[in-house]
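Examination of the molecular architecture
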Amino acid sequence: MAAMVQIRDARKVYAGGFEALKGVTLDIEEGEILALLGPNGAGKTTLISCICGISQPTSGSITVGGHDVVTEYRGARSLVGLVPQEVNLEPFEKVWNTVRFTRGVFGRPRDDAHLEDILRRLSLWEKRDAKINELSGGMKRRVLIAKALSHDPSVLFLDEPTAGVDVELRRDMWRIVEDLKASGVTIILTTHYIEEAEAIADRVGVISGGRLLLVEEKAALMTRMGRKELRIDLQEPIGAVPERLSEFDLTLEDEGHTLVYSYDTSAERTGIARLMTEMSEAGLVLRDVRTSQNSLEDIFVGLVHEGDAA
Ligand SMILES: Nc1ncnc2c1ncn2[C@@H]1O[C@H](COP(=O)(O)OP(=O)(O)OP(=O)(O)O)[C@@H](O)[C@H]1O
Ligand SMILES: [Mg+2]
């Protein structure tokens, strides 16, 4: 079956001549959660705007559910829900009306029970009669999410949905995203919170300077690129790494109290057992041993730097 979202060599040149997308090709499968990571100005919002039909790619093609976003705009747009990065709400409208209106715009039959459920899940039910300008910033973000969900989209775009919201909403949002995924909704989110991608994404895409540097299963990415560290605290400090341990990737920290061993998580052997034997033969007595793994954040920062250098 064709992918839910198909992007083929999409380029976007803005009116001033700036090329914000330099040929992006990507398939997004039905029911997956894809997190797009990238620094400010990478082209994330531009890409989302092109998929949602808010902006048109200068060349290349994009389809949603098989509908071309330019030539079959209506078919494509009806499948899509968007939580935009910028709050764009009518200040004097009431929460309830705003959300109901959006459902209507998408031509869906009135379903108050469904909208009530959405508002309750976003802790907005008590605020349903409040005007938008009477809400806090985080509450406005919740309204944006409610609007995007109001017409039961098959593909949901969340453009930095949790920027500037409290921990509680972030967790609520993650839970909602999980529920939506379980009901078959395809979700694409951008985020600067790498822990967010780590927590909810199936796949991670890294975009920088208008190019997609990589798209990969999150778990595979973390195994492939992740380096682990074993931190070994010594009973007695040492002045230098002993000669007989020179074949291991070791550094000395903490004024000689800690040996740090870096190893590749994807390597067949970690070398830890041999290191332990060699250490004991070198007369080193261990006090404590801890491991730590590279986070997605370390991987991401490394990639974007490599991309800049290229
Ligand atoms: N309407 C526009 N006209 C001209 N240039 C634009 C326009 N919109 C965006 N750009 C430029 O395109 C580039 C990508 O912007 P975009 O908003 O897609 O980045 P982003 O990855 O979403 O960044 P952020 O993380 O800051 O939201 C930037 O250099 C930006 O200045
Ligand atoms: Mg953006």
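Coordinates for the structure precede this section.
Criteria and thresholds
- Residues numbered from 1 in each chain as written.
- Chains lettered and ligands numbered in written order.
- Predicted model: local features only at pLDDT ≥ 70, side-chain atom pairs only at ≥ 80, totals over all residues.
- Heavy atoms only, no water.
- Phe/Tyr/Trp six-rings, centres within 6.5 Å; stacked < 30°, edge-to-face > 60°.
- Helix = DSSP H or I, 4+ residues; strand = E, 2+ residues; numbered from the N terminus.
- Buried < 20%, exposed > 50% of the residue type's maximum accessible area, 1.4 Å probe, protein only.
- Lys NZ or Arg CZ within 6 Å of the ring centre and 35° of its normal.
- Contact = heavy atoms within 4.5 Å.
- Donors = N, O, S within 2.8 Å, 3.2 Å for Na, K, Ca; no water.
- Pairing = 2+ DSSP bridges.

Turning next to the packing of aromatic side chains. With the rule as written, the count across this model stands at 3 aromatic pairs. Ring plane angle 80° and centroid distance 5.9 Å describe the contact between Trp96 and Trp125, whose orientation is recorded as edge-to-face. Here Trp96 is found in helix 3 (residues 95–105), whereas its partner Trp125 is found in the loop between helix 4 (112–121) and helix 5 (137–149), with 29 residues between them in sequence. Here the two residues Trp96 and Trp125 agree in accessibility, since each one is buried. Seen in terms of ring centroids, Phe248 and Tyr261 are 5.9 Å apart; in terms of plane orientation they differ by 80°. Their pairing is edge-to-face. Residue Phe248 is located in the loop between strand 11 (227–234) and strand 12 (250–253), and its partner Tyr261 is located in strand 13 (residues 258–264); the two are separated by 13 residues in the primary sequence. Among the aromatic side chains, those forming a connected cluster through ring pairs are Phe248, Tyr261 and Tyr263. Its guanidinium or amino end placed over the ring of Trp125, Arg128 lies 4.0 Å from that ring's centre, counting from NZ or CZ.

Another aspect to go through is helix 3. What helix 3 keeps buried is the set Val95, Trp96, Thr98, Val99, Thr102 and Arg103. Looking at the buried side of helix 3, the elements it contacts are helix 4 and helix 5. A positive phi of about 75° marks Gly107, the residue just after helix 3.

Right, let's get into the coordination of the magnesium ion (ligand 2). Note on the magnesium ion (ligand 2): its protein donors are Thr45 (OG1) and Gln85 (OE1). The metal-donor distances range over 2.0 to 2.1 Å. Separated by 40 residues along the polypeptide, Thr45 in helix 1 (residues 44–52) and Gln85 in the loop between strand 6 (80–83) and helix 3 bring together distant segments of the chain. On the basis of relative accessible area, Gln85 is assigned to the partly exposed category, the value being 28%.

This paragraph deals with the sheet that holds strand 1 (residues 5–13). With antiparallel pairing, 4 strands are arranged side by side in an open sheet as 2-1-4-5. Where the open sheet ends on each side, the last strands, each with one partner, are strand 2 (19–28) and strand 5 (67–68). Alignment of strand 1 against strand 2, held across 7 bridges, turns out to be antiparallel. By the bridge assignment for strand 2, Val5 is matched with Ile28.

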